[in-house]
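An overview of the molecular structure
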Amino acid sequence: MKKDTDKTKEQLAIELEKLRKQSKKREKELKAAIETLDANNQQLRATEQQLRAANQQLDASNKQTRASETRMRNLFNAMQDLVFEMDYNGTYLNIAPTSSQLLVKPAEEVTGKTLHDVFPKQQADPFLQFIQKCIDENKADKIIYPIKFDNKTIWFEGRANPIGNKRVLYIASDITERKHAKEKLEEREEKYRTIFESAKDAIFIMQEDKFIDCNEKTLEMFGCDREDIIGEPPYEFSPEKQPNGRDSREKAIEKINKAIEGEPQLFEWVHTTKDGDLFHTEVTLSRYMINDERFVLAIVRDTTKHKQAEEALRESEMKFRNLSESTITGIMLYQNDYWIYANPAAEEVTGYTFGELKQMKFWEFTAPEYVDLIKERGKARQKGKHAPSEYEFKIITKQGKEKWVFLTGNTTELKSGKAGLITAIDITERKQAEIELTLAKAKAEESERLKSAFLANMSHEIRTPMNGILGFTELLKEPQLTGDEKDEYIRIIEKNGTRMLNTINDIVDISKIEAGHVEVRNTELSVNKLLDEQYNFFVRETTEKGLELNYSPSLPDNESRIITDQYKLEGILTNLIKNAIKYTETGSITFGYSTKSLKGKDVFEFYVKDTGIGIPAERIDAIFNRFEQADIEDTKVYEGSGLGLAITKSYVEMLGGEIVVNSKEGSGSTFTFNIPYNKKSSKENSSKKNSEEESGVSLKNLSVIVAEDDETSRMFFETILENHVKRITYTITGKETIEKCRENPDTDIILMDIKMHDINGYDATREIRKINKDVTIIAQTAHALEGDKDKALEAGCDDYIAKPIEKEILFEKIRACLNKKSI
């Protein structure tokens, strides 16, 4: 039992030992496993840290990628070039929005379409082949390709980059302008090369004083090959010495160096050919820069023939100059619009020296109205076109004087090119004579026309009233006429007589003005009195015509006295008022004056205003012309000589004034004229003077001698005087008048005819004054010329009366003369 127990214990101990060993082994294994686990945990933690770091890097990389994608997308969208993605079949997958301007179509219309959808086959096929080649070879490539859009060709330079999935990214720029510029540059270079090779002058290009290029003309001129020139210095083609004695090498180097420094050179040079022949040239050297390198362009012109021609020309010029300077014809040359030669005769014609002419264009002294003509013909002639070779025109000399010249123009060839050859002859005197002759002819024709019109009008103005006078005079012979009929016939005869007298007076006045025999004789007069006399004279006529006549003096009587020619002032007012009455059918006529300052001087300004027919605007400038009324064609003809306004204007100007008219057709006219206000204070007692003028002297006791050789006039005097005076004695000669005055010393009045057969009235008066200083002598004449009254007074007459004589005026003058002698 014990053995079993011990055995059991031993077995338990063994088992326990086994278990202990197993436990230690497991403990070791467990410890090793724990250590392995710890190591794995440490490795896991390290891996986790690496993973977190990798995730952080991945997040940062994703952010960068997204930012890069954004930037690339923005860049893609903002690119100004043509940018698009395309697949292997040529389909547009993605197009930058800004590409529309190069596609000439909106990007959205092209996206998703193929090349063949957008472009014709002949354009689409080559480009598609290029895209497919890039994709097949997986290699980027460039292409320059033209594309036509709506008849417009655009050149693109682009690069295709494969980007996978059988796609490419194509980026291209529009190089159309660059392409055209390059073509133009190539064309220009070709043109310049053509010019260079075809130039008529030898052209060299030098660098560092050696020839590097030359044209064909150079080889021809120097008689050598290109290899003989290229690389050689220029002085090798010149004699050892130039004509001026200087060494060719020294002189050539000097000229070339100056050209290299930028100073252009122009000089004459003697060269030698390959065979040793000498020839003269004109050389031009100029510098130009290419990529900071300096070159010299040399142009060599063969002037040998020119030298020979110059000698011949010099000889010809000498002959021409000798001939030119000895002729009286102006000879001039112009070229490029400027005078290049003028002989002494041309200087005489124009007034300018040749030195002055050289600075002037060929039309500068031409009269303005001929400048365009001269320019046109001069330029046509220089271009070889046809232009009249002879013509006349005016010039303005240096002294400002106008001259007419006869010009001959031709073209001549000078060494400097074509020039205009002008010969000029002063024809001023001849032209002036022609102009004067033309004007005289026109004036004569106008005068003849006016004379014919005037004579026709005068014939009408004289015959018409004469017909009335003679006709109604014949009617007065009828025995059965009543008293009223006789009075009416007499009134008609008087009216026609007055009309004829007015016509004769106008003819006399205009004749005196034309002959220059009118003198201004100033006396003192009262303007107020003159207006009053005009009113009294015309009021009856205006009243009979149904017109209202008004006048308005603006100054008191003592201030209205002026110094002027009373006869002319009366004539002016009379003509204007008569004119107003003639052309006014209804309404009124007003005349008057006012004083004003005109151009710093005091003047009397008179006016005559009517409500008549007025004057057409186109006729206003002509109404003061002599005989002008004779030219007016109107349905209503107004009587008159047509001289009144011409006489009026002449009288106004003689008095130092001006006359104007303001008129509107159908609304009347206003004539305004002024004369200087020459004041003079009158110390006479106006009231006394008026009383003297108004005092009456009886004619009943007067003894009168009438000196008159015209029977009709004697009958007139007998009729008006026989019932008013005591005794009438008639004489027909000057001697008889003197004798009757001696026989009758108690004679009170002598009516002295100025024109008598033996002794004229002036001389008869002088003789009578020797024997009788108190007798009153009144001159009476039909001449009625200005100055006749002064002649009569100078001869000793007391007063003067013009025929036809009005009874009342004659009696007024007799009373006035007797009143003066009774004072």
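Here's a quick rundown of the structure. (Residues numbered from 1 in each chain as written. Predicted model: local features only at pLDDT ≥ 70, side-chain atom pairs only at ≥ 80, totals over all residues. Heavy atoms only, no water.)

Re the pattern of salt bridges
Threshold: Should a side-chain nitrogen of Lys or Arg be within 4 Å of a carboxyl oxygen of Asp or Glu, the pair is scored as a salt bridge. Exposure is judged per residue with a 1.4 Å probe applied to protein chains only, and the accessible area is read against the type maximum: over 50% gives exposed, under 20% gives buried, and values in between give partly exposed. Numbering of helices and strands starts at the N terminus; helices are DSSP runs of H or I of at least 4 residues and strands are runs of E of at least 2.
Summed over the entire model, instances satisfying the criterion amount to 28 salt bridges. Where Lys596 meets Glu605, a salt bridge forms, and the shortest distance between an N and an O atom there is 3.5 Å. Overall, the relative accessible area of 35% leaves Lys596 in the partly exposed class. In this structure Glu605 comes out as partly exposed when scored by relative accessible area, which is 21%. The residue Arg769 makes a salt bridge to Asp798 at a minimum N-O spacing of 2.9 Å. Taken together, the residues Arg769 in helix 22 (residues 761–771) and Asp798 in the loop between helix 23 (788–795) and strand 27 (799–802) connect sequence positions 29 residues apart.

Section: the sheet that holds strand 6 (residues 202–207)
This is how the line gets drawn: Two strands qualify as a pair provided DSSP detects at least 2 bridges between them. Lines fitted to C-alpha atoms define the axes here, with helix axes fitted over just the stretch in contact, and angles between the N-to-C directions of these axes take values from 0 to 180 degrees. We call two residues in contact when some of their heavy atoms are within 4.5 Å.
Ordered by their spatial adjacency, five strands build an open sheet running 7-6-10-9-8, and the pairing between neighbours is antiparallel. Of all the strands in the sheet, the pair left with one neighbour each is strand 7 (210–214) and strand 8 (265–272). Within the sheet, the average angular offset between the axes of one strand and its neighbour, ignoring direction, is 35°. The pairing of strand 8 with strand 9 (residues 278–290) spans eight bridges and is classified as antiparallel. Counterpart to Val270 in the pairing with strand 9 is His280. Against the sheet, helix 9 (residues 248–260) touches strand 6, strand 8, strand 9 and strand 10 (293–302), its axis set at about 145° to strand 8.

What to know about the environment of Asp174
Relative to the elements of secondary structure, Asp174 occurs in strand 5 (residues 167–174). Taking the C-alpha atoms as reference, Asp174 lies 8.8 Å from Gly158; in sequence the two are 16 residues apart.

Regarding the packing of helix 21 (residues 734–743) against helix 22
Rules: When an angle is under 35 degrees it counts as roughly parallel; over 145 it counts as roughly antiparallel; between 65 and 115 it counts as roughly perpendicular; any other value is oblique. Throughout, a crossing is termed right-handed when the near helix is turned clockwise from the far one, and left-handed when it is turned anticlockwise from it by less than a right angle. For this classification, Asp, Glu, Lys and Arg are treated as charged, while Ala, Val, Leu, Ile, Met, Phe, Trp, Tyr, Cys and Pro are nonpolar and the rest, including Gly, are polar.
Close contact between helix 21 and helix 22 brings their axes to 10 Å; oriented N to C, the two are set at 15°. Taken as axis vectors, helix 21 and helix 22 run roughly parallel relative to one another. In the crossing of helix 21 with helix 22, the sense of the turn from one axis to the other is right-handed. For the pair formed by helix 21 and helix 22, the contact residues are Gly734, Thr737, Ile738, Cys741 and Arg742 on the first element and Ala764, Glu767, Ile768 and Ile771 on the second. Taken together, the residues of the contact of helix 21 with helix 22 break down into five nonpolar, two polar and two charged.

With respect to the nonpolar core
As a reminder of what qualifies: Buried Ala, Val, Leu, Ile, Met, Phe, Trp, Tyr and Cys residues that are joined via side-chain atoms within 4.5 Å together make up what is termed a nonpolar core.
Judged by nonpolar contacts, the single largest core of 37 residues is most densely connected at Val527, Leu576, Phe604, Phe606, Phe671, Phe673 and Ile675. Each residue touching Phe671, except ones within four places of it in the same chain, is listed here: Leu576, Phe606, Tyr607, Val608, Ile615, Ile623, Phe624, Leu645, Ile659, Val660 and Val661. Core analysis: the second largest hydrophobic core is formed by 26 residues, Ile95, Leu115, Ala160 and Tyr170 among them.

Section: helix 17 (residues 566–582)
What counts here: To estimate the expected span of a helix, subtract one from its residue number and multiply by 1.5 Å.
Helix length check: helix 17, at 17 residues, gives a terminal C-alpha distance of 24 Å against a target of 24 Å (1.5 Å per residue), a fit within 8%. Listing the buried residues of helix 17 in full gives Lys568, Leu569, Gly571, Ile572, Leu573, Asn575, Leu576, Ile577, Asn579, Ala580 and Ile581.

Quick notes on the sheet that holds strand 12 (residues 338–342)
Spatially, the five strands line up as an open sheet ordered 12-11-15-14-13, and their pairing is antiparallel. Of all the strands in the sheet, just strand 12 and strand 13 (390–396) have a single pairing partner and so form its edges. Averaged over all adjacent pairs, the angle separating strand axes in this sheet is 35°, with direction ignored. As paired strands, strand 14 (residues 402–414) and strand 15 (residues 417–426) are joined by ten bridges and run antiparallel to one another. Bridging across to strand 15, Leu414 finds its partner in Gly417.

Examining a negative patch on the surface
Note the cut-off: Every patch collects residues that have over 30% relative accessible area and no salt bridge, joining them within 9 Å if they carry like charges and within 5 Å if they are nonpolar side chains (Val, Leu, Ile, Met, Phe, Trp, Tyr). Note on areas: these come from Shrake-Rupley sampling with a 1.4 Å probe, and a residue is covered only by the protein chains present in the view. In this tally, Asp and Glu contribute negative charge and Lys and Arg positive charge; neither His nor the terminal groups of the chain are included. Throughout, a charge is located at the NZ atom of Lys, the CZ atom of Arg, the CG atom of Asp or the CD atom of Glu.
On the surface, Glu183, Glu186, Glu187 and Glu189 cluster together to form a negatively charged patch. Positionally, Glu187 belongs in helix 6 (residues 176–198).

Regarding the state of the cysteines
Cysteine pairs can be covalently joined through their sulfur atoms, and such a bond is termed a disulfide. Quick reminder of the rule: To count as a disulfide, a pair of cysteine sulfur atoms needs to be within 2.5 Å.
Counting across every chain of the model gives zero disulfides. In this structure Cys817 is not part of a disulfide, and its nearest cysteine sulfur, from Cys797, lies 9.8 Å away. A relative accessible area of 6% means that Cys817 is categorised as buried.

Observations regarding the pairing of strand 19 (residues 588–598)
Taken together, the five bridges between strand 17 (residues 548–552) and strand 19 define a ladder with parallel strand orientation. Across the sheet, residue Leu549 finds its bridge partner in strand 19, namely Ile589. Inspection of the sheet shows strand 19 paired to strand 20 (residues 601–610) by ten bridges, in the antiparallel sense. When the sheet's bridge partners are listed, Leu598 is paired in strand 20 with Lys601. Where strand 19 folds back on strand 20, the antiparallel hairpin that results is connected by two residues, among which Lys599 adopts a positive phi of roughly 55°.

Description of helix 5 (residues 121–137)
Since one α-helical turn is 3.6 residues long, residues separated by three or four positions face the same way. Going by this rule: Note: the arc covers the axis-to-C-beta directions of the helix.
When the terminal C-alpha atoms of helix 5 are compared, their 24 Å separation across 17 residues agrees well with the 24 Å that a helix rising 1.5 Å per residue should span. Taken together, the buried positions of helix 5 are occupied by Gln123, Ala124, Phe127, Leu128, Phe130, Ile131, Cys134 and Ile135. All buried residues of helix 5 fall inside an arc of 155° around its axis, so they share one side. Helix 5 presents Lys121, Gln122, Gln129 and Asp136 as exposed residues on the side facing more than 90 degrees away from its buried surface. One or two steps after helix 5, the chain reaches Asn138, where phi turns positive at roughly 50°.

Let's talk about the pairing of strand 8
The buried fraction of strand 8 is high, at six of eight residues. Taking the residues that link successive antiparallel strands as the turn, the strand 8-strand 9 hairpin has five residues, and the phi of Gly276 there is positive, at about 90°.

Examining the packing of helix 17 against helix 18 (residues 644–654)
Taken N-terminus to C-terminus, the directions of helix 17 and helix 18 make an angle of 145°; their axes are 9 Å apart at the nearest point. Here helix 17 and helix 18 pass one another in a crossing that is left-handed. In this structure, helix 17 contributes Tyr567, Lys568, Ile572, Asn575, Leu576 and Asn579 to the contact, and helix 18 contributes Gly644, Leu645, Ile647, Thr648, Tyr651, Val652 and Met654. By residue class, the composition of the contact of helix 17 with helix 18 is eight nonpolar, four polar and one charged.

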